[in-house]
Amino acid sequence: MKLLERARPEIAALQPYASARMEAGAASIMLNANESPWPGADVAFALNRYPDPQPAALRAALAKLYAVAPEQVLIGRGSDEAIDLLVRAFCTAGRDAVAIAPPTFGMYAVAARIQGAAVIEVPLGPAFELDTDALLDALTDATKLIFVCTPNNPTGNLVPMPAIRRLSDALRDHALLVVDEAYLEFAEGAPSAASLLRKHDNIAVLRTLSKAHALAGARVGAFIAAAPVVELLRHIQAPYPLPQPSVDAALAALSAAALAKTDTRTATLRGERERLARALSAAPYVREVFVSAANFLCVRFRDARAAYRRLLACGIVVRDVSRYRALENCLRISVGSAQQNAALLDALARSEIAA
Ligand SMILES: *Cc1c(COP(=O)(O)O)cnc(C)c1O
C-alpha cells in the first residue's frame, strides 16, 4: 500500500512488542506472563490475567456496528489514543505536518505538537464550512495527516460527503484523511466516511463509545482504516491497551438490547436538541444558535462570560469556547435530559431578570 511509504520508515519497520498474551491466548495452565494464579484478594470478578490486546469478540461487534471488516478496526483507549498513535506513526518530529480546520477539536493540534509536528491551520468558512480549496492549497509535501471533524466539535455542523471524497481523491497516496465521527450518531441518517473505504484507502475514521453509547468512563474507541494502516498503528500501541472491565462494558453496550436503547436515547437527545435550540434562539440574551448535528449546541450570547458565570452560580457548567477562532461570545452547551435543559433555560431566564 503506497500510503504506508508516507509513514515514518522506522515505525513501519518496527517489530511490534510480542506480549505473552498474544503468543499463547488461553491454555488451561497459563504460566507465561508472571500473573497471579488467583483473582484479586477482594474483587467481585477476576482480573488476574492480562487482557487480550484486541479482543476478537469486541472487534467483531464494532466492525458490525460500523459496517466494516474486523481487520479494518483497531480498538483503542478512546479516539484520543488513535489521534496520538496516528501522529506518532506518520509524523517525523521537526519535519512533518498535520492540517486542521479550526475552530475544531483541540486534541489534533495537541497530539501533533507533542510529537513535534507542525500544525497547518486552514480556518473554516463563515458558516463553518470546510474550505477544501484552501485546505488543498495549504498542504505541503510534509503534510501527512488531515483531520476533519464531522459533526464538528465545537460548531456542530456536518461536513458533506462530496467534500470528504474530493479531499481523499486529491490526497491519495500522499496523506491520510482522518474523519472524526465522534458525534455521527446524533446526525440522523448521515452516512459514515467508513462507507468510502473500499474505494478510498487513504481515509481513516474515528468512532467512539464515549458519546452516544454513554461509555466515556470506559475509554473505548474504534479506529477504522485499511487493514495495513490498522496494522501499522499496532506497531506502536501499548501491549495491553484495553482494561478488561472496559472490554466487558463495551461488549455489554453492543448487545442488541443495549443498542436499541441507545437508539431510543439518541433520538430523545435529538428532539431535546431541537427544543433547546428553539428556546435559546428566542431568548433575548442569545445572538445566534448554530445549527447542530451533534449532542451539543454552539450558542453565541450577547455576553458569554456573564452567561457562563450565571449558569455556574446555579450549579450548571457549560464549555466556554469564546477563545476559539470565530467563536467570540460563544458557549458550547451539551444537550442534557429534558429536566437538565429546563434547568439551564430557567437559570438563564432568571439571571436575565436579575441583570
Ligand atoms: C469527545 C470526542 C472524541 C472522543 O474521544 P474519546 O477519546 O473516544 O473519548 C473524539 N473526537 C471529538 C471531536 C470529540 O469531541
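Residues numbered from 1 in each chain as written. Predicted model: local features only at pLDDT ≥ 70, side-chain atom pairs only at ≥ 80, totals over all residues. Heavy atoms only, no water.

1. Focus: the sheet that holds strand 11 (residues 330-334)
Then, in step 1: Pairing is antiparallel in the open sheet, where four strands are placed in the order 8-9-11-10. At either end of the open sheet lies a strand with only one pairing partner, and these are strand 8 (286-289) and strand 10 (319-320).
Then, in step 2: Direction of pairing for strand 8 relative to strand 9 (residues 296-301): antiparallel, over a ladder of three bridges. Residue pairing in the sheet places Val286 in a bridge with Phe301 of strand 9.
Then, in step 3: Contacts between helix 11 (residues 304-313) and the sheet are confined to strand 9, strand 10 and strand 11, with strand 11 contributing the most and set at about 35° to the helix. (Pairing = 2+ DSSP bridges. Helix = DSSP H or I, 4+ residues; strand = E, 2+ residues; numbered from the N terminus. Contact = heavy atoms within 4.5 Å. Axes fitted to C-alpha atoms, helices over the stretch in contact; angles between N-to-C directions.)

2. Considering the layout of surface pockets
Rolled over the atoms, a probe sized like a water molecule indicates the empty space that remains.
Then, in step 1: The volume enclosed by the largest pocket comes to roughly 390 Å³.
Then, in step 2: Considering the residues around the largest pocket, the lining is formed by 20 residues, among which Leu65, Tyr66, Glu185, Arg207 and Asp263 are closest to the centre.
Then, in step 3: Here the residues of the lining of the largest pocket sort into ten nonpolar, six polar and four charged. (1 Å grid on protein atoms, 1.4 Å probe; cavity = no way out; pocket = protein on both sides within 12 Å on 5 of 7 lines; lining within 4 Å. Points joined across faces, edges and corners; volume = space filled by probe spheres on them. Nonpolar A, V, L, I, M, F, W, Y, C, P; charged D, E, K, R; others polar.)

3. Overview of empty space enclosed by the protein
Then, in step 1: For the structure on display, the rule yields two cavities of 30 Å³ or more.
Then, in step 2: Its volume calculated, the largest cavity comes out at about 60 Å³.
Then, in step 3: Forming the walls of the largest cavity are Ala101, Thr104, Leu124, Phe128, Leu130, Phe147, Val148, Cys149, Asn152, Asn157 and Val159.
Then, in step 4: Along the lines of polarity and charge, the residues of the lining of the largest cavity split into eight nonpolar, three polar and no charged.
Then, in step 5: A volume near 40 Å³ is recorded for the second largest cavity.
Then, in step 6: What lines the second largest cavity is simply Leu74, Gly76, Gly78, Ser79, Glu81, Ala82, Leu85, Gly221, Ala222, Phe223 and Gln237.

4. Overview of the sheet that holds strand 1 (residues 73-76)
Then, in step 1: With mixed pairing, the seven strands of this open sheet are ordered in space as 1-7-6-5-4-2-3. The open sheet terminates on both sides in strands that have one partner only, identified here as strand 1 and strand 3 (118-121). For this sheet the average axis-to-axis angle between neighbouring strands, irrespective of direction, equals 20°.
Then, in step 2: Examined bridge by bridge, strand 6 (residues 203-208) and strand 7 (residues 221-224) share four bridges and lie antiparallel to one another. From the neighbouring strand, Val205 faces strand 7, where its bridge partner is Ile224.
Then, in step 3: Where helix 3 (residues 56-65) meets the sheet, it contacts strand 1 and strand 7, and its direction lies at approximately 115° from that of strand 1.

5. Re the site of the ligand
Then, in step 1: In the vicinity of the ligand lie 13 residues, with Ser79, Asp180, Tyr183, Thr208 and Lys211 positioned nearest.
Then, in step 2: A distance of 2.6 Å separates an oxygen atom of the ligand from a polar backbone atom of Ser79.
Then, in step 3: For the ligand, an oxygen atom lies 3.0 Å from a polar atom in the backbone of Asp80.
Then, in step 4: Against a free-state accessible area of 390 Å², the protein chains account for coverage of 93% of the ligand.
Then, in step 5: The biggest single contributor to the shell around the ligand is helix 4 (residues 78-90), with three residues.
Then, in step 6: Tallied by class, the residues present in the shell around the ligand amount to four nonpolar, five polar and four charged. (Near = heavy atom within 4 Å. Polar contact = N/O pair within 3.5 Å; in protein donor to acceptor, adjacent residues only side chain to side chain. Areas by Shrake-Rupley, 256 points an atom, 1.4 Å probe, with all protein chains shown as cover.)

6. Concerning the domain arrangement of the protein
Then, in step 1: By the assigned domains, the protein splits into domain 1 (2-254) and domain 2 (269-354).
Then, in step 2: For domain 1 and domain 2, the distance between their C-alpha centres works out to 31 Å.
Then, in step 3: In this complex, domain 1 contributes 19 residues to the contact, which on the side of domain 2 involves 17 residues.
Then, in step 4: Among the residues of domain 1 in contact with domain 2, Phe128, Pro154 and Phe186 are the three that bury the most area, contributing 40% of the side total.
Then, in step 5: The tally of links from domain 1 across to domain 2 stands at two salt bridges.
Then, in step 6: Taking the shortest distance from any N to any O, the salt bridge between Arg270 and Glu188 comes out at 3.7 Å.
Then, in step 7: The residue inventory of the side of domain 1 that touches domain 2, partitioned by class, reads ten nonpolar, six polar and three charged. (Domains from an automatic or database assignment. Buried area = accessible area lost by both parts, 1.4 Å probe. Salt bridge = Lys/Arg side-chain N within 4 Å of Asp/Glu carboxyl O.)

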